[in-house]
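# Structural description and commentary
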Amino acid sequence: MKLSRKNRACQTAIRKAIACGKSVSGLLAGALAIATTGCGCGCSRVPMGDYPNPNARELEVDNQCEKSSSDSKSTGDAAADVKTSTRPQKPEK
Amino acid sequence: MRFPRHMTLELTAKCNFRCPYCYCLWHEFPAIGKPELDADDWKKILDRCAADGVEDILFTGGEVLLRPDLFTILSHARRRLSRAELSVFTNASRLDEPLIIRFKRRRIRIATSLQGLATYGAMTGTRRKFHRVLALIARASELKWPIAVSMTVTKANLHEAVDMFAAAALSGASSVLAGPVMASGRALAHPELMLSREEWNGVKDAIRALPNVGVPFSFCDEFYCECRHDQPSARLRRKWRDPNHAPCPAGRDFGVIGPAGHFRPCLHLPESAEICYTMRRSSPRITNYE
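Keep in mind the model is a prediction, meaning the values are calculated, not measured. (Residues numbered from 1 in each chain as written. Chains lettered and ligands numbered in written order. Predicted model: local features only at pLDDT ≥ 70, side-chain atom pairs only at ≥ 80, totals over all residues. Heavy atoms only, no water.)

## Topic: the interface of chain A and chain B
Applicable threshold: Whether two residues touch is decided by their heavy atoms; if any such pair falls within 4.5 Å, the residues are in contact. When two components associate, each loses some accessible surface as probed by a 1.4 Å sphere; the sum of these losses over both components is called the buried area. Just to be clear on terms, a salt bridge is a Lys or Arg side-chain nitrogen sitting within 4 Å of an Asp or Glu carboxyl oxygen. Between N or O atoms, a polar contact is any pair within 3.5 Å; within protein, one atom must be a potential hydrogen donor and the other a potential acceptor, and residues adjacent in sequence are included only when both atoms are from side chains. As a working rule, the residues Ala, Val, Leu, Ile, Met, Phe, Trp, Tyr, Cys and Pro are called nonpolar, Asp, Glu, Lys and Arg charged, and the rest polar, with Gly in that last group.
Each partner contributes to the interface: chain A provides 25 residues, whereas chain B provides 25 residues. Buried area between chain A and chain B, both sides added, is near 2200 Å², and the carbon and sulfur share of it is 64%. Applying the counting criterion to the chain A and chain B interface returns zero salt bridges. Inspection of the region where chain A meets chain B yields six residue pairs in polar contact (both at pLDDT 80 or more). Looking at the side of chain A that touches chain B, its residues break down into twelve nonpolar, seven polar and six charged.

## A look at the pattern of salt bridges
Residues and elements named next belong to chain B. Note the following rule: Elements are defined by DSSP. Helices are runs of H or I of four residues or more, strands are runs of E of two residues or more, and each kind is numbered from the N terminus. Three exposure classes are used, based on accessible area relative to the maximum for each residue type with a 1.4 Å probe and protein chains only: buried under 20%, partly exposed in between, and exposed over 50%.
Applying the stated criterion across every chain yields a total of eleven salt bridges over all chains. The salt bridge partner of E199 is K155, with a shortest N-O separation of 3.0 Å. Taken together, the positions of E199 in helix α7 (residues 197–208) and K155 in the loop between β5 (147–153) and α6 (161–171) put the pair 44 residues apart, joining distant regions of the chain. The exposure class assigned to E199 is partly exposed, which follows from its relative accessible area of 24%. Residue K155 is classed as partly exposed on the basis of its relative accessible area, which comes to 39%. Here the residues in one salt-bridge network are E97, R139 and E142, joined through shared partners.

## With respect to the packing of helix α1 (residues 39–51) of chain B against helix α2 (residues 70–80) of chain B
Pairs of packed helices are described in terms of their axes, by the angle between the two and the distance that separates them. Residues and elements named next belong to chain B. Here is the rule: For helices, the fitted line uses only the C-alpha atoms of the stretch in contact; every axis is such a line through C-alpha atoms, and the angle between N-to-C directions lies from 0 to 180 degrees. Angular relationships are summarised with four words: roughly parallel below 35 degrees, roughly antiparallel beyond 145, roughly perpendicular across 65 to 115, and oblique for the angles in between. Left-handed describes a crossing whose near helix is turned anticlockwise from the far helix through less than a right angle; right-handed describes the clockwise counterpart.
Two elements in contact, α1 and α2, have axes separated by 10 Å at closest approach and are oriented at 20°. Taken together, the axes of α1 and α2 are roughly parallel relative to one another. Between α1 and α2 lies a crossing of right-handed hand. Every residue of α2 that contacts α1 at A39, W42, K43, L46, D47 and A50 is listed here: T72, I73, H76, A77 and R80.

## Details of the nonpolar core
Residue and element names in this part refer to chain B. To be explicit about the condition: As used in this record, nonpolar core signifies buried Ala, Val, Leu, Ile, Met, Phe, Trp, Tyr and Cys residues forming a set joined through side-chain atoms within 4.5 Å.
One finds L9, I57, F59, L95 and F103 to be the most contacted residues of the largest nonpolar core, which totals 87 residues. Tallying contributions element by element places α6 first for this core, with nine residues. Non-local contacts of L9, meaning those with residues more than four positions away in its chain, are made with W42, I45, L46, I57, L58, F59, T60 and I257.

## Examining the sheet that holds strand β7 (residues 217–219) of chain B
Residues and elements named next belong to chain B. So the rule is basically this: Here the rule is simple: two strands pair whenever DSSP picks up at least two bridges between them.
What the nine strands build is an open sheet, ordered β7-β6-β5-β4-β3-β2-β1-β8-β9; its pairing is mixed. Edge positions in the sheet fall to β7 and β9 (263–264), since each of these pairs with one other strand and no more. Where strand β8 (residues 254–257) lies against β9, two bridges are found, and the strand directions are antiparallel. Each bridged residue has a counterpart across the sheet, and for I257 the counterpart in β9 is F263. Lying over the sheet, helix α5 (residues 131–142) contacts β4 (108–113) and β5, oriented at roughly 155° with respect to β5.

## Considering the packing of aromatic side chains
Residues and elements named next belong to chain B. Rules: Under the pairing criterion, centres of Phe, Tyr and Trp rings, with the six-membered ring standing for Trp, must be within 6.5 Å; the plane angle then separates stacked pairs below 30 degrees from edge-to-face pairs above 60, leaving the rest tilted. The criterion is that NZ of a Lys, or CZ of an Arg, lies within 6 Å of the ring centre and within 35 degrees of the ring normal, and then a charge sits over that ring.
Within the structure shown, the criterion is met by six aromatic pairs over all chains. Between F3 and F263, the aromatic rings sit 6.2 Å apart at their centres with planes inclined by 5°, giving stacked as the arrangement. Of this pair, F3 sits in the segment before β1 (6–10) while F263 sits in strand β9, and the two are 260 residues apart along the sequence. Under the relative-accessibility criterion, F3 is labelled buried at 4%. Under the relative-accessibility criterion, F263 is labelled buried at 1%. When the centroid spacing of 5.8 Å and the interplanar angle of 90° are considered together, the rings of W200 and F219 count as edge-to-face. Of this pair, W200 sits in helix α7 while F219 sits in strand β7, and the two are 19 residues apart along the sequence. F219 carries the same exposure label as W200, and that label is buried. Each member of the aromatic cluster is reached from another via a ring pair, and the members are F165, W200, F217 and F219. Cation over ring: R48 sits above F3, and NZ or CZ is 4.6 Å from the ring centre.

## What about α5 of chain B?
Using the following cut-off: In a helix, the anticipated span is given by 1.5 Å times the number of residues less one.
Between the first and last C-alpha of α5 of chain B there are 17 Å, a value that for twelve residues agrees with the 16 Å anticipated at 1.5 Å per step. The buried fraction of α5 of chain B is high, at ten of twelve residues. Those residues of α5 of chain B hidden inside the fold are in contact with α1 (5–19) of chain A together with α3 (97–105), β4, α4 (120–124), β5 and α6 of chain B.

## Details of α1 of chain A
Residues and elements named next belong to chain A. For α1, with 15 residues, the first-to-last C-alpha span of 21 Å sits near the 21 Å given by 1.5 Å per residue. For α1, the full list of buried residues reads N7, A9, C10, Q11, A13, I14 and A17. One or two residues past the end of α1 sits G21, with phi positive at roughly 75°.

Structure follows, in structure tokens:
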């Protein structure tokens, strides 16, 4: 089934969490921001569009694109794994 | 007899899942499930619903998508009840994107069940996995026709009940209804799946403690049908006067028509009548009642 990139990442994060025996509910809090709605540079900025998922309300974290990707890894292993595996990283300047 | 405002039409008793906790009454009382009405009979019932001013109808089963004439019935329902809220409840096994679009075009809401995550196969009696259900929820959300999700908590999936809720919410469910397994239908043969009151309260507390992600949720607290297992008594009537325990709407605001066309005041009552507090009359077979 064809899903948007953020929904694909979200589904992958859920599957990974279950496969690793981790809590899916842990994704609710903050890791989802990186797994599903980060702007792509590794920060947790939420591109607010007409994203219908009400979770987006929770994800208005910040808009600092300069934030290093290493910061985001602390928010959840499963989600961070997804980020690195599904989203191309911006080359360091 | 006038139909209640809220109706559930059980279009078929056939199902491709074998959920051990299935509450459907035809597992106990096969006469409720057959012979099944054909599309013309259902159209007559829908005409009656329209005449009686029914406000919402849930089409369920069994598995409704196993009926080849489902959209004949739904199209008739939409024509005759243009303002009513129509919904289908499906196990999602046959649901796909084109069907979601067809439902959306007819303004028919969709509800499905998420029976487990790691336990999905065991809880559905199949070899299926939960992945497809979550992907469908996500896709429906993208199509802006979200899906309401029901989940039944049993002893077997108790350990992942909170994760089931979280997965449904993360995938974009429009609402979540969670309830414990009830002692009726096939579940009567599986007492090992029943929860204790403490276990169920623990699940509710854990879900309430999750971060608010804006997905509305509610709980279905019945462990058993009070009308069936504990016939209306002075005790129950006192309890129902308690504002924390609303009287059961069975028969008054709510009614069910089974696959064979029998009216029941409640999903969990075999037929009727004498034992129902709010509706003391025999249940007619609708097709013979015109």
